[in-house]
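Understanding the architecture of this molecule
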Amino acid sequence: MTSTVFFEIFDYLDALEIFTAFTSLNQRISSILKRIPLRILISNTNSRSEIEFLSSHLTYHDHQVISIDIYDKIRDCSSVINLLFNRHNFINLESCIFNAINSSTKLKKILKKLKSLNRLVSFGIYQADDLGINDKDKYELSQMVFMNQLSSLRSVVLNYTYDYMNISNYPSITTNLISLALCISGLSSTVSIYSMFLILRHCHKIRYLTILIAYIDACENEKASDRFRIPHINPNDLPLLPQVIYLNLIVIVRCDNRSISHILRCMPNLIYFYFTLGIPTANWPLPDELRNGYVWQEMIDRYIPHLLKFEFLIGIKKSYQHLDLDMIVNSFEYFVGKYPNWNMIITQWKHHKEIGGEYLILHTFNYRQNRYTTNITIPIVNCETFQVRSTSIQNDQHLFYSIIEDLCLYLTDQQATITWSSPLFQQVKSLAIEMPIISASWWNNLLNIANYGVVNDDKDKLKIIPYLKHFVDLHKITEIKFLKMSHISRWMDVQLILQTCPNVIDLSISTELLLLSKIIDNRSLFPVFERIKKIELIKNIVYFLPSSASKIVERFPSLNNIKLTVFTRLFEK
């Protein structure tokens, strides 16, 4: 009975935790340790001494290791993968994940070892950048996966950029993969929405598929956008994948409803479909049909009639175009009735700096629930032009943004028409605010420069808080950043915002604005200052005198972290 309890306990611990807590307790425990499966979990917070300790105990236990999840670079060691795989043979390994591979790691040698394993079912690489994996390593990896050099593999994640163009030269070998996730990325002259077909011709048994397709080059102007074209493809020569039931397609290349239709035609038994389209700049147009619910309805009913779940995120920064948001929303009403708990939302606002530029974001309510989808990020919101519409008949539009914790708002004196009744971004904890300069006479501006004076108080400023409450729940805010463009003429707005956010402990503000007497000597703000624990003073060309430093220390008694840029004179008379 006691042994059973230990086996259950060990299921919740990784190998390092087990060896640290239970090694050398007694002979009975040592006997149990020889019979349990081991899982190695190395995070980037581990140290070299912990790895050495783990390795010393693996000498007699490496055959028990069934799972490895390693960060290659830790606090004081840059190649943990080399260290462990050079010392040990994990002959019974079933799952292997490498994170942030370092360029010094001899990956080719490691892959040779992996190919000799006959129980490895799951393999993954998560690489935030391409510095650690060279093209030769990527070629070796693609051969291992798509030439079926490791026939036991059933699930693969290759999260790094590669164009996979060489796969067209591989012999026609069908892999045993059931689940595949990878990123296809390259120049616009070589990569297109159809690049995934090169891979899929080798994956007839695949059931779960996640594909990200992206350009690595960008177009500088409208004329250059001609090269971002969708190539022609023979619709009678498409791969057929009847086993696929899950598709997560993330597209950062040019596409249209025709190309999406060709992809869906390959998967007639699809049940779950997640679609993401991101166009960071207006290098190529967003086809009108992709924001038309009737077009999506026709594609789904025609090519994937068994679909039970359809979620999407479409985001674009583009030239301004007057859109009938209600018409767009109404076109998706079919899906509200077809799928349970299905709703979508569309937001549109003009760019606060670029003339004629705007952001447009459409996404479904349940899109965020899939852990393999792209995070929903909101660019700086120009509150004056912000519009939102939703298929939901309830007042629950804020639920679409429940995962947004960081937000940047551009506040002007002009206010948009509010069509919602509760804060849209209720979970925001970090709020950045940018405000334009208040127009003033030349004389007032001169006084501002000379005396840190301000323009006259304006009763309309009191309206900023009720307006701000339509966007965020001010009680949830713990960090406020007044961006460097926020001029000292906005001192009253700053005062009101700080006074209405009772839980702020982190403050980012320009030196010039903080040292303004209307702020630093404002007694109504003293209770706010007493709560602040961290200040970042944004770079300004302003003299920071010793008296200013002492005043900050006096006003902010709870301060434990301050960051500022200091200018010094190298030569004094």
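To be clear, the structure that these remarks concern was listed above.
Source: prediction; values computed, not measured.

Remarks on the pairing of strand β4 (residues 122–126)
The side chains of a regular strand alternate between both faces of the sheet. Looking at chain direction, strand β3 (residues 95–99) and β4 are connected through 5 bridges and run parallel. Residue S95 lies in a different strand from β4, and its bridge partner there is S122. Once the chain exits β3 it traverses helix α6 (residues 107–115) before rejoining the sheet at β4, and the crossover so formed is right-handed. As paired elements, β4 and strand β5 (residues 155–162) share 5 bridges and run parallel to each other. Counterpart to F123 in the pairing with β5 is V156. Crossover connection from β4 via helix α7 (residues 135–146) to parallel β5: handedness right-handed.

Digging into the nonpolar core
Ranked by internal contacts, the top residues of the largest apolar core, which has 114 residues, are L114, F123, F146, M196, L249, M267 and F273. The residues touching M196, leaving out its near neighbours within four places in the chain, are I184, L209, I211, I213, L249, I263 and M267.

Digging into the environment of I345
Tracing the chain through its elements places I345 in strand β11 (residues 344–350). Here I345 falls in the buried class, since its relative accessible area comes to 0%. Residues I345 and H363, spaced 18 residues apart in sequence, show a C-alpha to C-alpha distance of 5.7 Å. Setting aside residues no more than four positions away along its own chain, I345 makes contact with I361, L362, H363, V388, R389, S390, Q397, F400 and Y401.

Examining the sheet that holds strand β13 (residues 381–382)
Judged by pairing direction, the sheet is parallel, and its 7 strands sit side by side in the order β13-β15-β16-β17-β18-β19-β20 without closing on themselves. Either end of the sheet is taken by a strand with one partner, and the two such strands are β13 and β20 (561–563). Relative to strand β15 (residues 406–410), β13 runs parallel, the two being bridged by 2 bridges. Across the sheet, N382 pairs through a bridge with Y410, a residue of β15. Its contacts with the sheet place helix α15 (residues 491–499) against β16 (430–434), β17 (479–482) and β18 (506–510), and it is angled at close to 175° to β17.

With respect to the packing of aromatic side chains
In the structure shown here, the tally under the stated rule is 33 aromatic pairs. Ring plane angle 35° and centroid distance 5.4 Å describe the contact between F312 and F332, whose orientation is recorded as tilted. Within this pair, whereas F312 is found in strand β10 (residues 309–319), its partner F332 is found in the loop between α11 (325–330) and α12 (333–338), the two being separated by 20 residues in sequence. Like F332, F312 is buried. Here the aromatic rings of F335 and W342 are separated by 5.4 Å at their centres, their planes lie at 40°, and the arrangement is tilted. For the pair formed by F335 and W342, the shared burial category is buried. Linked through ring pairs, F273, F275, W296, F310, F312, F332, Y334, F335, Y339 and W342 together constitute an aromatic cluster.

Comments concerning helix α4 (residues 48–58)
Among the residues of α4, those classed as buried are I51, L54, S55 and L58. Down the axis, α4 shows its buried residues gathered within 100° of arc, on one side only.

The rules we used
Residues numbered from 1 in each chain as written. Predicted model: local features only at pLDDT ≥ 70, side-chain atom pairs only at ≥ 80, totals over all residues. Heavy atoms only, no water. Pairing = 2+ DSSP bridges. Helix = DSSP H or I, 4+ residues; strand = E, 2+ residues; numbered from the N terminus. Right-handed = clockwise from strand over helix to strand, strands pointing away. Core = buried A, V, L, I, M, F, W, Y, C linked by side-chain atoms within 4.5 Å. Buried < 20%, exposed > 50% of the residue type's maximum accessible area, 1.4 Å probe, protein only. Contact = heavy atoms within 4.5 Å. Axes fitted to C-alpha atoms, helices over the stretch in contact; angles between N-to-C directions. Phe/Tyr/Trp six-rings, centres within 6.5 Å; stacked < 30°, edge-to-face > 60°. Arc of directions from axis to C-beta.

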